[in-house]
Amino acid sequence: MKNILLILSVMLLAFSGCKKDNFYDKFPPEVLFYEGSQVENADFVTTTLDAGVTEWNVKARVSAPLQLKEVQLFKKTGSGNEELLETYNGFQATSTPTVFNLVYPLTGITAETTVRINAVDLDNKPTSRTFVIKVTP
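Numbering of residues starts from 1 in each chain and follows the order in which that chain's sequence is written. A pLDDT threshold of at least 70 governs which residues receive local features in this predicted model, and a stricter bar of 80 or more applies before side-chain atom pairs are shown or counted, although totals over entire chains, interfaces and linings include all residues. Hydrogen atoms and water are omitted, and side-chain values are computed over all heavy atoms in the structure.

Visitor: Give me the lowdown on the sheet that holds strand 3 (residues 56-63), citing residues and values where you can.
Guide: In spatial order, the strands read 1-3-6; together these three strands make up an open sheet with antiparallel pairing. The sheet terminates laterally at strand 1 (30-34) and strand 6 (99-106), the two strands that pair on one side only. Pairs of neighbouring strands in the sheet enclose a mean axial angle of 20 degrees, with direction left out of account. Pairing between strand 1 and strand 3: five bridges, direction antiparallel. Residue pairing for strand 3: tyrosine 34 is matched across the bridge by lysine 59. Two strands form a pair only when DSSP identifies at least two bridges running between them. Numbering of helices and strands runs from the N terminus, with a helix taken as a DSSP run of H or I at least four residues long and a strand as a DSSP run of E at least two residues long. Orientation is described by lines fitted to C-alpha atoms, with helices fitted over the stretch in contact, and by angles between N-to-C directions that extend from 0 to 180 degrees.

Spelled out as structure tokens, the structure:
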């Protein structure tokens, strides 16, 4: 009887250890745009430049429960083609591999411009978020 209980206990332990769900597997990276020195409004996804202003500092906090793998910044002006501006990677070598504060000075804005950030974590979970810069005529 002891042998049967021992065998059942070993089998139960073996099967329960096969698949462990990671809490963080459920969450993809997050991208939050901001204007000041930190994220103040999670719904900040558009701004309108004053007449004559052609520059905007794109600021975003990109984070992932797991480490970030890659962050890409794209720009699309009007109905033109989307262009890749910058690719960031190598987050594992930083002191904060789960958070990246992106600051990119965008110049020459003369028409409505859409900025898109794609982020991927080490599990290849992607996320994408856009920001629209409008121009006062």
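There is more to say, and it comes next.
Visitor: Help me get a handle on the packing of aromatic side chains, residues and values and all.
Guide: Stacked, edge-to-face and tilted are the three classes for Phe, Tyr and Trp ring pairs, Trp counted by its six-membered ring, which pair at centre distances within 6.5 Å; planes under 30 degrees apart are stacked, over 60 edge-to-face, the rest tilted. Summed over the entire model, instances satisfying the criterion amount to five aromatic pairs. When the ring of phenylalanine 33 is compared with that of phenylalanine 131, the centres are 5.1 Å apart and the planes differ by 40 degrees; the resulting orientation is tilted. Of this pair, phenylalanine 33 sits in strand 1 while phenylalanine 131 sits in strand 8 (residues 126-135), and the two are 98 residues apart along the sequence. Exposure remark for phenylalanine 33: the relative accessible area of 2% places this residue in the buried category. Ring geometry for tyrosine 88 versus phenylalanine 100: centroids 4.9 Å apart, planes at 50 degrees, classification tilted. Of this pair, tyrosine 88 sits in strand 5 (residues 83-89) while phenylalanine 100 sits in strand 6, placing them twelve residues apart in sequence. Chaining the aromatic ring pairs together yields one cluster made of Phe33, Phe44, Trp56 and Phe131. Working definition: with a 1.4 Å probe on protein chains only, accessible area under 20% of the residue-type maximum means buried, over 50% means exposed, and in between means partly exposed.

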